[in-house]
Each structure stands twice: as C-alpha cells, then as structure tokens.
Amino acid sequence: MTQQTNFSEKELLQDLLATEKQVISSYSVGMTESSCPNLRNTLEQNFKNVEQIQYNIFNAMHQKGWYPIKDAAAPEVQQLKNESNTMVSQLK
C-alpha cells in the first residue's frame, strides 16, 4: 500500500520558489559561460521568464504572510546605491 503525502499550499509554494531560484542560478551561469550569441540570447530570455515566475510566486507567498520581508532603512539603501555606483564607475 502506497502512502500519499498531501502538501499544503504553503509547502508547494516554498518548493516552487526554491526550484525557481535554482533555475535562475543555472541560467545565470549558462549566460556567463556562453560564447554563442544565439544561445546566450535564448538563455537570457529564459532567465527573464523564470525570474518573472519566481517573482510571482514570491508575491503570492508574501501576500499570504508566508514570506515576511523587512524594508531596509533609506540610509542603508542609499549607501548600497552609492557603493554600487562607485564599483561600476571603477570598472569603466
């Protein structure tokens, strides 16, 4: 006799979110490793599609209170923006 496991909606969304994050990571590596423009474009489009799916799953979880977030303080956000801009300008 086979035992059937019923997952809650929360568990299913958590699993989907984790899977989408792994897929995004794989596409990211594929894009950075690809030297073929056509393949890179395909991977980039797939990445964008999966990223949107991941964001939709996150939003669904957040709306149900299953993925609480804490907003960063404005000074922290500004500091990170400044650091990021400094790094970009140094790379140019």
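Structure report, in brief. (Residues numbered from 1 in each chain as written. Predicted model: local features only at pLDDT ≥ 70, side-chain atom pairs only at ≥ 80, totals over all residues. Heavy atoms only, no water.)

Our next topic: the packing of aromatic side chains. A complete count under the given rule lists two aromatic pairs for this structure. Ring geometry for Y55 versus F58: centroids 6.1 Å apart, planes at 35°, classification tilted. Placement of the pair is Y55 and F58 together in helix 2 (residues 37–63), with a separation of three residues, close to one helical turn. According to the relative accessible area criterion, Y55 is partly exposed, its value standing at 40%. In this structure F58 comes out as buried when scored by relative accessible area, which is 15%. Seen from their ring centres, F58 and Y67 are 5.1 Å apart, and the 85° between their planes marks the pair as edge-to-face. Given a relative accessible area of 27%, Y67 falls into the partly exposed group. A network of ring pairs unites the aromatic residues Y55, F58 and Y67 as a single cluster. (Phe/Tyr/Trp six-rings, centres within 6.5 Å; stacked < 30°, edge-to-face > 60°. Helix = DSSP H or I, 4+ residues; strand = E, 2+ residues; numbered from the N terminus. Buried < 20%, exposed > 50% of the residue type's maximum accessible area, 1.4 Å probe, protein only.)

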